[in-house]
Amino acid sequence: MISIASKDEYEALEILQALIKSKHISAVEAWACFSKPVAVNDFKKHTVKLNKAQISNIENLRDKVKSCLKARAKKRCGYCRRALGQHGMSWHIEHVYGKTKFPDQIFKLSNLLYACIDCNMVKNNSVDRANPFVFDIINPNKPEFSYADHLSFVQLSTEHLHILKYDHRSKEGKNTYTKLKLASLESLEIMSSLNEAVKELSERIDDRLSELLSNGENREIADFLHKIKMNLPLE
């Protein structure tokens, strides 16, 4: 973020970085503070206090980051390439390398991209939290990255039917298809177009997920609801 931050904005960001380094707050807590800065941020081990100028600088930098990522995303999820704005949380910032294992990467633009709520949540469980950790899926931020080298996808829509189909072309593409459960997205896309009840329930779950994830304190409930959504085509 250094390249797009003003001097004051970067100094405000350095406050959060220093607190992570000193282990007063976690990277997850620092990101929550960056996403929604307020005067008093009460966390488990430490309370982060920000003045009006610092809050304003963080908000300005956050908006710059969002604009930069939106321009890069071209209105599509970095992993599944579905159109953002149609699936769950419209613009959700994703960390390619997760916040918990890579705290030094959380404020680097090269580690940020926009992803749909489905890919973000599945990746968090199947890749970011995996033990042992192995990053063997696609990295859309990698220099010279081409989605078509790893995955191809086809979307066909009529008035009453929507079809989404992927084909992996590389090892990373195959791992992405498997670990991010793109097969479930294929099924969900079709069933949502054929069954109004499935579509309505899926959308209601997405709305609730957005609410739960906004404060970062209800991950277990969010994971439970998302598993229900991803299994809707099987019911």
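Model, not experiment: these values are computed from the prediction. (Residues numbered from 1 in each chain as written. Predicted model: local features only at pLDDT ≥ 70, side-chain atom pairs only at ≥ 80, totals over all residues. Heavy atoms only, no water.)

> In this structure, what is going on with the overall build of the protein chain? I would like to understand it.
Looking only at helices and strands, one finds eight helices and six strands in the protein chain. On C-alpha atoms alone, the protein chain measures out to a radius of gyration of 19 Å, which is about the 18 Å that the 2.2 N^0.38 rule sets for 235 residues. Projected onto the principal axes, the alpha-carbon positions of the protein chain cover approximately 55 × 40 × 35 Å. For the protein chain, buried positions account for 43% of its 235 residues. Sequence-distant contacts, at least 24 apart, represent 61% of the contacts inside the protein chain between residues at least 6 apart. Surface summary for the protein chain: the accessible area is close to 13000 Å², and the carbon and sulfur share equals 51%. Within the protein chain, the 30 negative side-chain charges are centred at a point lying 4 Å from the centre of the 36 positive side-chain charges. (Helix = DSSP H or I, 4+ residues; strand = E, 2+ residues; numbered from the N terminus. Rg over C-alpha atoms; globule rule 2.2 N^0.38 Å. Buried < 20%, exposed > 50% of the residue type's maximum accessible area, 1.4 Å probe, protein only. Contact = heavy atoms within 4.5 Å. Areas by Shrake-Rupley, 256 points an atom, 1.4 Å probe, with all protein chains shown as cover. Lys, Arg positive; Asp, Glu negative; His and termini not counted. Charge placed at Lys NZ, Arg CZ, Asp CG, Glu CD.)

> Please explain a negative patch on the surface as it appears in this structure.
Taken together, the side chains of Glu196, Glu200, Glu203 and Asp207 make up a negatively charged region of the molecular surface. Tracing the backbone through its elements, the reader meets Glu203 in helix 7 (residues 196-214). (Patch = residues over 30% accessible without salt bridge, like charges linked within 9 Å, V, L, I, M, F, W, Y side chains within 5 Å. Salt bridge = Lys/Arg side-chain N within 4 Å of Asp/Glu carboxyl O.)

> So what exactly am I meant to see when it comes to the side chain of His150 here?
Mapping His150 onto the fold places it in the loop between helix 4 (117-128) and strand 5 (151-157). Separated by 2.6 Å, the side chains of His150 and Ser170 make a polar contact. Filtering out sequence-adjacent residues up to four positions away, His150 remains in contact with Ile138, Phe145, Asp167, His168, Arg169, Ser170, Glu172 and Gly173. (Polar contact = N/O pair within 3.5 Å; in protein donor to acceptor, adjacent residues only side chain to side chain.)

> Even after reading the chapter, I still don't get helix 8 (residues 219-230), so can you show me in this structure?
For an α-helix, the turn length of 3.6 residues means that residues three or four places apart are oriented alike. Across its twelve residues, helix 8 extends 16 Å between first and last C-alpha, which sits within 8% of the 16 Å expected from 1.5 Å per residue. Listed in full, the buried residues belonging to helix 8 are Ala222, Asp223, Leu225, His226, Lys229 and Met230. (Expected span 1.5 Å × (residues − 1).)

> What's the story with the pattern of salt bridges in this structure? I'm lost.
Should their charged atoms come close, side chains of opposite charge can pair. The full count for this structure, using the stated rule, is twelve salt bridges. With a shortest N-O distance of 3.7 Å, Glu186 and Lys165 are connected by a salt bridge. Linking Glu186 in helix 6 (residues 182-194) with Lys165 in strand 6 (residues 162-168), this pair joins segments that are 21 residues apart in sequence. A network of salt bridges, in which partner residues are shared, links Arg82, Asp118, Asp206 and Lys229.

> Which parts of the structure should I look at to understand the pairing of strand 5?
For a regular strand, side-chain orientation follows a simple rule: the groups alternate between the two sheet faces. The pairing of strand 5 with strand 6 spans seven bridges and is classified as antiparallel. Within strand 6, the position partnered with Val154 by the bridge is Lys165. Between strand 5 and the antiparallel strand that follows it, strand 6, lie four residues. (Pairing = 2+ DSSP bridges.)

> Help me understand the environment of Leu164 in this model?
Structurally, Leu164 is set in strand 6. What makes Leu164 buried here is its relative accessible area of 2%. Linking Leu164 and Cys80, residues 84 residues apart in sequence, is a C-alpha distance of 10 Å.

> Just to check I follow, could you spell out helix 2 (residues 27-35) for this structure?
For helix 2, every residue scored as buried is listed here: Ala27, Glu29, Ala30, Trp31, Cys33 and Phe34. Where helix 2 is buried, its residues meet helix 1 (7-21), strand 1 (40-42), strand 2 (47-49), helix 3 (52-73), strand 3 (92-95) and strand 4 (112-115).

> Looking at this structure, I do not really get the nonpolar core. What am I missing?
Buried together is how nonpolar side chains tend to be arranged in soluble globular proteins. Counting 50 residues, the largest nonpolar core has Met1, Phe34, Tyr79, Phe107, Cys119 and Leu182 as its most contacted members. Contributing elements (two or more residues each) for this core: helix 1, helix 2, helix 3, strand 4, helix 4, strand 6 and helix 6. Among the elements that take part in this core, helix 3 stands out by supplying six residues, more than any other. Beyond its immediate sequence surroundings of up to four residues, Leu182 is in contact with Cys80, Cys119, Leu151, Tyr166, Thr176 and Tyr177. In this structure, Ile117, Leu213, Ala222 and Leu225 belong to the second largest nonpolar core, which totals eight residues. (Core = buried A, V, L, I, M, F, W, Y, C linked by side-chain atoms within 4.5 Å.)

> Mind showing me how you'd approach the packing of helix 4 against helix 8 here?
For any two helices packed against each other, the geometry comes down to the angle between their axes and how far apart the axes lie. Between helix 4 and helix 8, the shortest axis-to-axis distance is 11 Å and the interhelical angle comes to 115 degrees. Between helix 4 and helix 8, the angle is such that the two are roughly perpendicular. Handedness of the helix 4/helix 8 crossing: left-handed. Mapping the contact onto sequence places Ile117, Asp118, Asn120, Met121, Val122, Asn124 and Asn125 in helix 4 and Arg219, Ala222, Asp223, His226, Lys229 and Met230 in helix 8. (Axes fitted to C-alpha atoms, helices over the stretch in contact; angles between N-to-C directions. Parallel < 35°, antiparallel > 145°, perpendicular 65-115°, else oblique. Left-handed = near helix turned anticlockwise from the far one by under 90°.)

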